[in-house]
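Spelled out from the first residue to the last, the chains are:
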Amino acid sequence: MLSFLGDQVLGRGVCVYSGSVIEVFARAGVGEHATRSTLTRMTGRGLLRRQREGRRTYFGLTGRSEEILRDGERRIWQTGAVNDDWDGTWSLLGFSLPDSWQRQRHDLRAQLTWAGFGPLFSGLWIAPGAVDVSGIVAELGLAAHVKVFRATADLGMDVAEMIDDTWDLKQLDRAYREFADQWRPYAGQDAPRDQDALALRLRLATDWLGVIRSDPRLPVEHLPSDWPAGPAQDLFRAVHERLDGPAKDAARRLLDTVPVGAEG
């Protein structure tokens, strides 16, 4: 759903008809009940707004979902999956939470993972580069329980070994290669019909986000020489471009949108 909203709603000042979303998702193999449930759940969590136009219900973005989608957009198209300009600095984040704060601990770890952190030790997480986590800490209300530092490794420190101990490189390597295996055939084919292209591009973006969400953009100089992130990223962008024209044609025909108005 986030992939769809980022592709079709973000930055356009519109809300999209629920029936249109259901139709697009059906083409991607998602049932109507699951789509409706997701729309309802996201509305309840403050990630979507409802808007009534006659007897139809439209859904649009909230400030919170726009921020999430902008972050994902930057991650995909600007920072990318390859960190080849690392300056040697690390961000260290230490936290200590009461044992009963299981939800807060889970939320913090999830947010840190997306921000590129990995667990160096149980309460000490590390990420390459200077990562601003002030927004994460403030949103979760954990400022009194979190300390953040910038650091560099001492001479003689085996950074590659530290990276291997902190992050599951084998799993991440496998995720990139599985993505490439799945989508490589589409890079050499003619663009599909527009109906299929819109669903395919939705699946493509969702699969790619699933991979890079767990990738902290580790410095290339400390990764294996055959690290697959670069080729996988090139493939993603090539297939996305191939699907772009027919997917836009399908969106114009299938999606019923209205300008953002008063919430209903």
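Look a little higher up for the structure.
Every chain is numbered independently, its residues counted from 1 as its sequence is written. Since the coordinates come from a predicted model, pLDDT governs what is reported: local features require at least 70, and pairs of side-chain atoms require 80 or more to be given and counted, while whole-chain, interface and lining totals use all residues. As a convention, hydrogens and water are excluded, and side-chain values are obtained from all of the structure's heavy atoms.

Q: Go over the sheet that holds strand β8 (residues 257-259), please, and point to the residues and values.
A: When DSSP locates at least two bridges between a pair of strands, those strands are taken to pair. Elements are defined by DSSP. Helices are runs of H or I of four residues or more, strands are runs of E of two residues or more, and each kind is numbered from the N terminus. Reading across the sheet, the four strands line up as β2-β3-β1-β8 and stay open at both edges, with antiparallel pairing between neighbours. Of all strands in the sheet, those bounded by a partner on one side alone are β2 (48-53) and β8. For this sheet, the mean inter-axis angle between neighbouring strands, taken without regard to orientation, is 35 degrees. Across three bridges, strand β1 (residues 14-17) lies against β8 in antiparallel orientation. Its bridge partner being in β8, Cys15 is matched across the sheet by Val258. Contacts are residue-level and defined by heavy atoms, with any inter-residue pair within 4.5 Å sufficient. Axes here refer to lines fitted to C-alpha atoms; in helices the fit is confined to the stretch in contact. Angles between the N-to-C directions go from 0 to 180 degrees. Strands in contact with helix α3 (residues 32-44) are β2 and β3 (56-61); relative to β2, the strand with the most contacts, it is inclined by about 115 degrees.

Q: Describe helix α7 (residues 159-166), naming the residues involved and giving the relevant values.
A: The cut-offs for exposure are 20% and 50% of the maximum accessible area for each residue type, with area from a 1.4 Å probe on protein chains only; residues under the lower value are buried, those over the upper are exposed, and the others partly exposed. Those residues of α7 that sit buried are Val159, Met162, Ile163 and Thr166. An end-on view of α7 places all buried positions within 100 degrees of arc, on one side of the element. Where the residues of α7 are buried, they touch β4 (89-95), β5 (118-121), β6 (124-128) and α8 (169-187). Arc, as used here, means the arc of the directions from the helix axis to the C-beta atoms.

Q: How would you summarise the pattern of salt bridges if you had to cite specific residues and measurements?
A: Here a salt bridge means any side-chain nitrogen of Lys or Arg lying within 4 Å of a carboxyl oxygen belonging to Asp or Glu. Enumeration according to the criterion identifies 13 salt bridges in this entry. Residue Arg103 is joined to Asp107 by a salt bridge in which the shortest nitrogen-to-oxygen separation is 3.4 Å. You can see Arg103 and its partner Asp107 sitting in helix α5 (residues 102-114), four residues apart, about one turn around the helix. For Arg103, a relative accessible area of 56% puts it in the exposed group. For Asp107, a relative accessible area of 24% corresponds to the partly exposed category. One salt bridge connects Asp173 with Arg177, and the closest N-O pair in it is separated by 2.7 Å.

Q: Account for helix α4 (residues 63-79), with residues named and values stated.
A: For α4, spanning 17 residues, the distance from its first C-alpha to its last is 22 Å, which sits close to the expected 24 Å at 1.5 Å a residue. Here α4 has its buried residues at Ser65, Leu69, Gly72, Arg75 and Ile76. By definition here, a helix of n residues has an expected span of 1.5 Å times n minus one.

Q: Describe the packing of aromatic side chains, listing the residues and the values that go with them.
A: Any pair of Phe, Tyr and Trp rings, taking the six-membered ring for Trp, is counted once the centres come within 6.5 Å. Such a pair is stacked with planes under 30 degrees apart, edge-to-face with planes over 60 apart, and tilted for the rest. Counting across every chain of the model gives nine aromatic pairs. Ring centres 5.7 Å apart and planes at 80 degrees place the aromatic pair Phe4 and Phe25 in the edge-to-face group. Of this pair, Phe4 sits in helix α1 (residues 2-8) while Phe25 sits in helix α2 (residues 18-27), and the two are 21 residues apart along the sequence. The exposure class assigned to Phe4 is buried, which follows from its relative accessible area of 2%. Taking the relative accessible area as the measure of exposure, Phe25 reaches 7% and is therefore buried. Taken together, the ring pairs connect Trp77, Tyr176, Phe179, Trp208, Trp227 and Phe236 into an aromatic cluster.

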